[in-house]
Amino acid sequence: MGTRGIQIIEMDVKKLINLLNKALADEWLAYYQYWIGAKVVVGPMKNAAVTELTEHANDELRHAGMLTDRILQLKGTPVLEPKDWYKLTNCGYLPPKDPSILKVLQQNIKGEQCAIDTYQKLLKMTKDKDHITNQMILEILKDEIEHEDDLQNLVEDIKHKPKAGKK
Ligand code: FE
Ligand code: FE
Ligand code: MG
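Calculation notes
Residues numbered from 1 in each chain as written. Chains lettered and ligands numbered in written order. Predicted model: local features only at pLDDT ≥ 70, side-chain atom pairs only at ≥ 80, totals over all residues. Heavy atoms only, no water. Donors = N, O, S within 2.8 Å, 3.2 Å for Na, K, Ca; no water. Helix = DSSP H or I, 4+ residues; strand = E, 2+ residues; numbered from the N terminus. Buried < 20%, exposed > 50% of the residue type's maximum accessible area, 1.4 Å probe, protein only.

A. Focus on the coordination of the iron ion (ligand 1). The protein atoms that coordinate the iron ion (ligand 1) are Glu-27 (OE), Glu-27 (OE), Glu-60 (OE), His-63 (ND1) and Glu-144 (OE), at distances of 2.0 to 2.4 Å. In the primary sequence, the donor residues of the iron ion (ligand 1) line up as E-x32-E-x2-H-x80-E. The distance between the iron ion (ligand 1) and the iron ion (ligand 2) comes to 3.9 Å, and Glu-60 binds to both of them. Of this pair, Glu-27 sits in helix α2 (residues 13-40) while His-63 sits in helix α3 (residues 46-73), placing them 36 residues apart in sequence. Under the relative-accessibility criterion, Glu-27 is labelled buried at 3%. Overall, His-63 belongs to the buried group, its relative accessible area being 0%.

B. The environment of Val-41, seen in detail. In this structure, Val-41 sits in the loop between α2 and α3. The sequence separation of Val-41 and Ala-30 amounts to 11 residues, and the corresponding C-alpha distance is 16 Å.

Have a look at this one:
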């Protein structure tokens, strides 16, 4: 990004890059958690779960791309070492050691709830300070909210509970 594009940012750019790298680490771990979850999951409605988990994995990978492009625009260095994902992550990683469908979905719901909290903080932090990052974070937050909703609806379907307030 050009120098003016960085100068207009009204916050500490180094700190911002660090926070974006932490989110990038989260996205890679979320990507793998979904991707491997889709491979190992067993139980009722497995096919619906595989479709959803795979879609979400692709979304997380796309988020990783968005964050990386912004970090590079800010003249930062995106995290280059996968082993650093664990050092930087906000939300961690839950290995699907029990591949039962409800367990896998619960783990991913936990991840999404952490992602929502993380992006909500980033959204507030960048508000009126960096419009471009703010808009990107809003886009990602929308996806994470949809992810949580999709997974919770799937859990309800599996449990055969009546769905309240579903569109
Ligand atoms: Fe994501
Ligand atoms: Fe997500
Ligand atoms: Mg979905």
